[in-house]
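Understanding the architecture of this molecule
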Amino acid sequence: MRTVAVIGALDEEVAGIASALHGVEHRDEAGLDIVHGALATRQGPDIAVAATVGGMGLVNAAATTQHLIDAFHPEAVIFSGIAGSLNPALHINDVVLGGTLRYLDSDMRLIAQWKPGTEEFHSDPHLLDLADATLNDLDVIHIVGIIASGNTFVDTPERIDQVKRQTGADAVEMEGAAVAHVAARNDVPALVIRALSDNADTEYEVFKEFDISAYADTAARITLGIVERM
Ligand code: ADE
(Lines give C-alpha, C1' and ligand atoms only; values in the text may rest on other atoms or scores of the structure.)
Protein backbone atom coordinates (compact mmCIF):
# COMPACT_ATOMS: atom_id res chain seq x y z
CA MET A 1 0.00 0.00 0.00
CA ARG A 2 1.15 3.57 -0.65
CA THR A 3 2.33 5.18 2.59
CA VAL A 4 2.77 8.77 3.77
CA ALA A 5 4.79 9.67 6.86
CA VAL A 6 3.55 12.58 8.94
CA ILE A 7 5.52 14.38 11.65
CA GLY A 8 3.37 16.69 13.75
CA ALA A 9 4.17 19.17 16.50
CA LEU A 10 1.50 18.28 19.05
CA ASP A 11 0.01 15.11 20.54
CA GLU A 12 -3.49 16.56 19.87
CA GLU A 13 -2.67 17.06 16.20
CA VAL A 14 -1.48 13.46 15.74
CA ALA A 15 -4.54 12.24 17.71
CA GLY A 16 -6.74 14.21 15.28
CA ILE A 17 -5.05 12.49 12.34
CA ALA A 18 -5.35 9.06 14.03
CA SER A 19 -9.10 9.54 14.56
CA ALA A 20 -9.60 9.81 10.77
CA LEU A 21 -7.70 6.57 10.06
CA HIS A 22 -9.05 3.04 10.13
CA GLY A 23 -7.21 -0.04 11.36
CA VAL A 24 -5.09 2.10 13.67
CA GLU A 25 -2.24 0.50 15.60
CA HIS A 26 0.43 2.09 17.77
CA ARG A 27 4.12 1.32 17.41
CA ASP A 28 6.65 2.30 20.05
CA GLU A 29 9.95 2.63 18.18
CA ALA A 30 13.08 4.82 18.26
CA GLY A 31 11.67 6.87 21.13
CA LEU A 32 8.51 7.59 19.14
CA ASP A 33 4.83 6.74 19.60
CA ILE A 34 3.83 6.11 15.98
CA VAL A 35 0.20 5.69 14.90
CA HIS A 36 -0.29 3.68 11.74
CA GLY A 37 -3.55 3.25 9.85
CA ALA A 38 -5.28 3.78 6.51
CA LEU A 39 -7.04 6.81 5.05
CA ALA A 40 -9.55 6.83 2.19
CA THR A 41 -8.44 9.05 -0.69
CA ARG A 42 -10.63 11.05 -3.10
CA GLN A 43 -9.84 9.08 -6.22
CA GLY A 44 -7.76 5.99 -5.57
CA PRO A 45 -7.19 3.19 -3.10
CA ASP A 46 -6.59 3.93 0.59
CA ILE A 47 -3.21 5.34 1.63
CA ALA A 48 -1.41 4.18 4.78
CA VAL A 49 -0.41 6.97 7.17
CA ALA A 50 2.34 6.68 9.80
CA ALA A 51 2.12 9.72 12.08
CA THR A 52 4.10 10.77 15.13
CA VAL A 53 5.29 13.72 17.21
CA GLY A 54 9.00 14.12 16.58
CA GLY A 55 10.09 16.53 19.32
CA MET A 56 11.78 19.90 19.03
CA GLY A 57 15.05 20.76 17.34
CA LEU A 58 17.06 19.67 14.32
CA VAL A 59 18.37 16.37 15.70
CA ASN A 60 14.96 15.13 16.86
CA ALA A 61 13.53 16.09 13.47
CA ALA A 62 16.32 14.34 11.56
CA ALA A 63 16.17 11.16 13.67
CA THR A 64 12.37 10.99 13.37
CA THR A 65 12.43 11.51 9.61
CA GLN A 66 15.07 8.84 9.05
CA HIS A 67 13.26 6.34 11.26
CA LEU A 68 9.93 6.84 9.49
CA ILE A 69 11.63 6.46 6.11
CA ASP A 70 13.45 3.27 7.15
CA ALA A 71 10.45 1.70 8.88
CA PHE A 72 7.61 2.62 6.49
CA HIS A 73 9.22 3.45 3.10
CA PRO A 74 6.85 6.39 2.60
CA GLU A 75 6.35 8.05 -0.78
CA ALA A 76 6.27 11.41 1.02
CA VAL A 77 7.13 12.96 4.39
CA ILE A 78 4.87 15.76 5.61
CA PHE A 79 6.00 17.90 8.53
CA SER A 80 3.60 20.30 10.21
CA GLY A 81 4.21 22.66 13.10
CA ILE A 82 4.32 26.26 14.26
CA ALA A 83 6.80 29.02 13.48
CA GLY A 84 7.69 32.61 14.29
CA SER A 85 6.80 35.13 11.59
CA LEU A 86 9.53 37.28 10.06
CA ASN A 87 7.26 38.66 7.33
CA PRO A 88 5.26 41.76 8.36
CA ALA A 89 2.64 41.01 5.68
CA LEU A 90 1.68 37.79 7.47
CA HIS A 91 -0.29 37.37 10.69
CA ILE A 92 -0.70 34.88 13.50
CA ASN A 93 -2.49 31.74 12.23
CA ASP A 94 -1.46 32.31 8.58
CA VAL A 95 0.53 29.47 7.07
CA VAL A 96 3.94 29.43 5.38
CA LEU A 97 4.63 26.44 3.14
CA GLY A 98 8.36 25.76 3.02
CA GLY A 99 9.10 26.27 -0.66
CA THR A 100 12.71 26.79 0.48
CA LEU A 101 14.31 25.64 3.72
CA ARG A 102 17.59 27.04 5.01
CA TYR A 103 19.61 26.33 8.13
CA LEU A 104 20.77 29.03 10.49
CA ASP A 105 24.45 28.85 11.46
CA SER A 106 25.45 26.08 9.04
CA ASP A 107 28.27 25.99 6.50
CA MET A 108 26.56 24.16 3.66
CA ARG A 109 29.86 23.50 1.86
CA LEU A 110 30.66 21.05 4.65
CA ILE A 111 27.20 19.76 5.49
CA ALA A 112 25.91 18.83 2.05
CA GLN A 113 28.89 16.66 1.13
CA TRP A 114 26.60 13.88 -0.10
CA LYS A 115 25.49 16.24 -2.87
CA PRO A 116 28.05 19.03 -3.33
CA GLY A 117 26.54 22.37 -4.28
CA THR A 118 23.42 21.92 -2.13
CA GLU A 119 22.80 25.23 -0.38
CA GLU A 120 19.19 24.80 0.69
CA PHE A 121 16.31 22.34 0.56
CA HIS A 122 12.87 22.44 -1.02
CA SER A 123 9.41 21.04 -0.48
CA ASP A 124 8.23 18.90 -3.37
CA PRO A 125 6.33 20.96 -6.02
CA HIS A 126 3.44 18.45 -6.31
CA LEU A 127 2.99 18.32 -2.52
CA LEU A 128 3.04 22.15 -2.47
CA ASP A 129 0.22 22.15 -5.05
CA LEU A 130 -1.84 19.72 -2.96
CA ALA A 131 -1.23 21.84 0.16
CA ASP A 132 -2.21 25.02 -1.72
CA ALA A 133 -5.51 23.41 -2.82
CA THR A 134 -6.22 22.16 0.70
CA LEU A 135 -5.47 25.52 2.33
CA ASN A 136 -7.68 27.30 -0.23
CA ASP A 137 -10.53 24.90 0.62
CA LEU A 138 -10.02 25.52 4.34
CA ASP A 139 -9.82 29.31 3.81
CA VAL A 140 -6.40 29.58 5.43
CA ILE A 141 -4.23 32.50 4.27
CA HIS A 142 -0.90 31.09 3.11
CA ILE A 143 2.20 31.67 1.04
CA VAL A 144 4.93 29.47 -0.37
CA GLY A 145 7.98 31.02 1.23
CA ILE A 146 11.39 30.67 2.84
CA ILE A 147 11.69 28.97 6.21
CA ALA A 148 14.82 29.18 8.36
CA SER A 149 15.57 26.42 10.88
CA GLY A 150 17.92 26.45 13.86
CA ASN A 151 18.29 24.97 17.31
CA THR A 152 17.25 28.07 19.27
CA PHE A 153 14.03 30.02 19.75
CA VAL A 154 14.38 33.40 17.98
CA ASP A 155 12.96 36.17 20.15
CA THR A 156 15.21 39.24 20.20
CA PRO A 157 15.41 42.12 17.69
CA GLU A 158 19.12 41.35 17.11
CA ARG A 159 18.48 37.68 16.27
CA ILE A 160 15.49 38.56 14.07
CA ASP A 161 17.63 41.00 12.05
CA GLN A 162 20.43 38.45 11.79
CA VAL A 163 18.12 35.64 10.65
CA LYS A 164 16.42 37.88 8.09
CA ARG A 165 19.79 39.10 6.75
CA GLN A 166 21.33 35.63 6.56
CA THR A 167 18.34 33.70 5.16
CA GLY A 168 15.70 36.13 3.84
CA ALA A 169 13.18 33.91 5.62
CA ASP A 170 9.45 34.51 6.07
CA ALA A 171 9.33 32.26 9.13
CA VAL A 172 11.73 30.78 11.65
CA GLU A 173 11.44 27.45 13.45
CA MET A 174 13.53 24.57 14.73
CA GLU A 175 13.02 21.48 12.50
CA GLY A 176 11.98 22.05 8.86
CA ALA A 177 15.38 22.15 7.15
CA ALA A 178 16.45 18.95 8.94
CA VAL A 179 13.32 17.10 7.76
CA ALA A 180 13.83 18.30 4.17
CA HIS A 181 17.56 17.52 4.38
CA VAL A 182 17.04 13.91 5.52
CA ALA A 183 14.23 13.40 3.02
CA ALA A 184 16.49 14.69 0.22
CA ARG A 185 19.29 12.31 1.25
CA ASN A 186 16.77 9.46 0.87
CA ASP A 187 15.20 10.82 -2.35
CA VAL A 188 11.83 11.05 -0.63
CA PRO A 189 9.62 14.08 -1.46
CA ALA A 190 8.96 16.28 1.59
CA LEU A 191 6.55 19.06 2.53
CA VAL A 192 6.98 21.50 5.43
CA ILE A 193 3.88 23.33 6.67
CA ARG A 194 4.13 26.06 9.32
CA ALA A 195 1.31 27.93 11.04
CA LEU A 196 2.53 31.26 12.44
CA SER A 197 2.25 31.30 16.23
CA ASP A 198 4.23 34.45 17.11
CA ASN A 199 6.12 37.37 15.65
CA ALA A 200 9.49 36.06 16.83
CA ASP A 201 9.57 38.90 19.35
CA THR A 202 9.55 39.15 23.11
CA GLU A 203 5.81 39.88 23.11
CA TYR A 204 5.16 36.14 22.69
CA GLU A 205 1.86 36.56 20.89
CA VAL A 206 1.83 32.78 20.94
CA PHE A 207 0.18 33.00 24.34
CA LYS A 208 -2.26 35.73 23.40
CA GLU A 209 -3.67 35.32 19.92
CA PHE A 210 -2.59 31.82 19.07
CA ASP A 211 -5.00 29.10 20.11
CA ILE A 212 -3.05 25.83 20.38
CA SER A 213 -6.10 23.52 20.33
CA ALA A 214 -7.57 25.28 17.28
CA TYR A 215 -4.17 24.98 15.65
CA ALA A 216 -3.97 21.24 16.40
CA ASP A 217 -7.37 20.72 14.78
CA THR A 218 -6.53 22.84 11.71
CA ALA A 219 -3.13 21.19 11.32
CA ALA A 220 -4.72 17.73 11.36
CA ARG A 221 -7.30 18.83 8.77
CA ILE A 222 -4.59 20.32 6.53
CA THR A 223 -2.53 17.12 6.61
CA LEU A 224 -5.56 14.87 6.04
CA GLY A 225 -6.72 17.10 3.16
CA ILE A 226 -3.33 16.77 1.47
CA VAL A 227 -3.19 12.97 1.86
CA GLU A 228 -6.80 12.60 0.62
CA ARG A 229 -5.78 14.40 -2.57
CA MET A 230 -2.72 12.21 -3.23
N1 ADE B 1 8.67 28.17 16.71
C2 ADE B 1 7.63 29.02 16.92
N3 ADE B 1 8.05 30.28 17.09
C4 ADE B 1 9.42 30.25 16.98
C5 ADE B 1 10.44 31.22 17.08
N6 ADE B 1 10.14 32.50 17.31
N7 ADE B 1 11.73 30.81 16.94
C8 ADE B 1 12.03 29.52 16.72
N9 ADE B 1 11.10 28.55 16.62
C10 ADE B 1 9.81 28.91 16.75
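Residues numbered from 1 in each chain as written. Predicted model: local features only at pLDDT ≥ 70, side-chain atom pairs only at ≥ 80, totals over all residues. Heavy atoms only, no water.

An unreviewed UniProt entry annotates the protein as adenosylhomocysteine nucleosidase of Bifidobacterium mongoliense DSM 21395. Taken verbatim from the UniProt record of the protein, the Pathway (unreviewed entry) comment is "Amino-acid biosynthesis; L-methionine biosynthesis via salvage pathway; S-methyl-5-thio-alpha-D-ribose 1-phosphate from S-methyl-5'-thioadenosine (hydrolase route): step 1/2." (UniProt positions renumbered as here; feature names shortened; annotations may be inferred.)

What follows deals with the overall build of the protein. From N to C terminus, the protein includes seven helices and 10 strands. Computed over its C-alpha atoms, the radius of gyration of the protein comes to 16 Å, within 12% of the 17 Å expected for a compact globule of 230 residues. Overall size of the protein, expressed as C-alpha extent along the three principal axes, is 50 × 40 × 30 Å. Among the 230 residues that make up the protein, the fraction classed as buried is 55%. Taking all contacts inside the protein whose residues are at least 6 apart in sequence as the whole, residues at least 24 apart take part in 75%. For the protein, the exposed surface amounts to about 10,300 Å²; the carbon and sulfur share of it is 52%. Across the protein, the centroid of the 14 positively charged side chains sits 6 Å from that of the 35 negatively charged ones. (Helix = DSSP H or I, 4+ residues; strand = E, 2+ residues; numbered from the N terminus. Rg over C-alpha atoms; globule rule 2.2 N^0.38 Å. Buried < 20%, exposed > 50% of the residue type's maximum accessible area, 1.4 Å probe, protein only. Contact = heavy atoms within 4.5 Å. Areas by Shrake-Rupley, 256 points an atom, 1.4 Å probe, with all protein chains shown as cover. Lys, Arg positive; Asp, Glu negative; His and termini not counted. Charge placed at Lys NZ, Arg CZ, Asp CG, Glu CD.)

Let us now look at the environment of E228. With respect to the element layout, E228 can be found in helix α7 (residues 212–228). Separated by 33 residues in sequence, E228 and A195 have C-alpha atoms that sit 20 Å apart. Not counting residues within four places of it along the chain, the set of residues in contact with E228 comprises L39, A40, T41 and R42.

All right, on to the nonpolar core then. V49, V95, L191, I193 and I226 are the most contacted members of the largest nonpolar core, which totals 36 residues. Broken down by element, the residue count for this core peaks at eight residues, all from α7. Counting 29 residues, the second largest nonpolar core, distinct from the first, contains I7, V77, F121 and A178. (Core = buried A, V, L, I, M, F, W, Y, C linked by side-chain atoms within 4.5 Å.)

Applying the stated criterion across every chain yields a total of eight salt bridges. For the salt bridge of R102 with E120, the shortest nitrogen-to-oxygen distance reads 2.8 Å. Of this pair, R102 sits in strand β6 (residues 95–103) while E120 sits in the loop between α3 (108–111) and β7 (121–122); the two residues are 18 residues apart in sequence, bridging distant segments of the chain. The partly exposed category is assigned to R102, whose relative accessible area is 24%. Its relative accessible area of 24% is what places E120 among the partly exposed residues. Ionic pairing is found between E173 and R194, a salt bridge with its closest N-O pair at 2.8 Å. (Salt bridge = Lys/Arg side-chain N within 4 Å of Asp/Glu carboxyl O.)

Further remarks concern the pairing of strand β1 (residues 3–8). Where burial is concerned, most of β1 is hidden: six out of the six residues are buried. Side-chain alternation along β1 places T3, A5 and I7 on one buried face and V4, V6 and G8 on a second face that is also buried. Across six bridges, β1 lies against strand β4 (residues 47–53) in parallel orientation. From the neighbouring strand, I7 faces β4, where its bridge partner is T52. (Pairing = 2+ DSSP bridges.)

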